[in-house]
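Take a look at the letters that make up each chain.
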Amino acid sequence: MKSLPVAGENNTGYDRDRQFGDWNDANRDCQNTRAEVLQNESKVKTSFTTAKRCTVKGGRWVTTWDGKTHTSATTVQIDHTVPVHEAWGSGARYWTKAKRVAFYNDLGDHRTLSAQTSKLNSTKQARGPEAWMPPKHRCAYIGEWVAVKHRWGLKVDSAEKAALTQIAGSCPNVTLTVSKA
């Protein structure tokens, strides 16, 4: 966390759809990133809406922010640990569109995307840890946040860094291993 560079955020010109795109199907198996995350995180074999097996219908997901169990894919959303608006203001505005799309669909590190309760994900929106924290597993959440920021070479602003440092002060020391994107 100490090595995250600090800089003011600049969100001028942000347009989620235009700059980050949507869920893609990188391996062309008809399952987009959302479906891949749902399959990866389900505690049981997933079911699908059709025989083509493109869209996940059911499974069993335990959302880490609140510990609730969900069996319908429609009751969870896929959360970007570091919201795309936050990423834009923290450095993604200078990336190519291809790199922003890769961030949006990052399946290379399980900490980047996760199935979460729709209500909490909607409450979080584009806020960072200085303005929003999950009700449970806060230490794990900030570890994931820091890992994603490192993975993608994103900066933190001073309020964000202060919040991360303050919350981490009550957490056990952990070593994060991060592969750069």
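Residues numbered from 1 in each chain as written. Predicted model: local features only at pLDDT ≥ 70, side-chain atom pairs only at ≥ 80, totals over all residues. Heavy atoms only, no water.

## Here we look at the overall build of the protein chain
Right, on to step 1. Looking only at helices and strands, the protein chain has 7 helices and 5 strands in total.
Right, on to step 2. When the helices and strands of the protein chain are read in sequence order from the N terminus, they spell out α-α-β-β-β-β-α-α-β-α-α-α.
Right, on to step 3. Computed over C-alpha atoms, the radius of gyration of the protein chain comes to 16 Å, within 12% of the 16 Å expected from 2.2 N^0.38 for 181 residues, which places it in the range of a compact globule.
Right, on to step 4. Projected onto its principal axes, the C-alpha coordinates of the protein chain cover approximately 50 × 35 × 30 Å.
Right, on to step 5. Counting every position in the protein chain, which comprises 181 residues, the buried fraction comes to 45%.
Right, on to step 6. Contacts in the protein chain between residues far apart in sequence, at least 24 positions, make up 66% of those at least 6 positions apart.
Right, on to step 7. Surface summary for the protein chain: the accessible area is close to 9500 Å², and the carbon and sulfur share equals 51%.
Right, on to step 8. Once the 27 positive and 17 negative side-chain charges of the protein chain are each reduced to a mean point, those two points are 2 Å apart. (Helix = DSSP H or I, 4+ residues; strand = E, 2+ residues; numbered from the N terminus. Rg over C-alpha atoms; globule rule 2.2 N^0.38 Å. Buried < 20%, exposed > 50% of the residue type's maximum accessible area, 1.4 Å probe, protein only. Contact = heavy atoms within 4.5 Å. Areas by Shrake-Rupley, 256 points an atom, 1.4 Å probe, with all protein chains shown as cover. Lys, Arg positive; Asp, Glu negative; His and termini not counted. Charge placed at Lys NZ, Arg CZ, Asp CG, Glu CD.)

## Let's talk about the state of the cysteines
Right, on to step 1. For the coordinates displayed, the defined rule picks out 2 disulfides.
Right, on to step 2. Here Cys30 connects covalently by a disulfide to Cys54, the sulfurs 2.1 Å from one another. Sign of the S-S torsion, about -110° for the bond between Cys30 and Cys54, identifies this disulfide as left-handed. Residue Cys30 is found in the loop between helix 1 (16-20) and helix 2 (33-41), and its partner Cys54 is found in the loop between strand 1 (47-48) and strand 2 (56-62); the two are separated by 24 residues along the sequence.
Right, on to step 3. Of the residues examined, Cys30 reaches a relative accessible area of 30% and is grouped as partly exposed. (Disulfide = S-S within 2.5 Å.)

## Points about the nonpolar core
Most often, soluble globular proteins have nonpolar side chains that are buried together.
Right, on to step 1. Ranked by internal contacts, the top residues of the largest apolar core, which has 37 residues, are Leu38 and Phe103.
Right, on to step 2. For this core, the elements supplying multiple residues, two or more each, are helix 2, strand 2, strand 4 (76-80), helix 3 (84-89), helix 4 (97-104), strand 5 (113-117), helix 6 (138-152) and helix 7 (158-168).
Right, on to step 3. It is helix 6 that contributes the most residues to this core, 6 residues altogether. (Core = buried A, V, L, I, M, F, W, Y, C linked by side-chain atoms within 4.5 Å.)

## Observations regarding the pairing of strand 4
Right, on to step 1. Within strand 4, 4 of the 5 residues are buried, leaving the element largely enclosed by the surrounding structure.
Right, on to step 2. For strand 4 and strand 5, the ladder comprises 5 bridges, and the chain directions are antiparallel. Across the sheet, residue Gln77 finds its bridge partner in strand 5, namely Gln116. (Pairing = 2+ DSSP bridges.)

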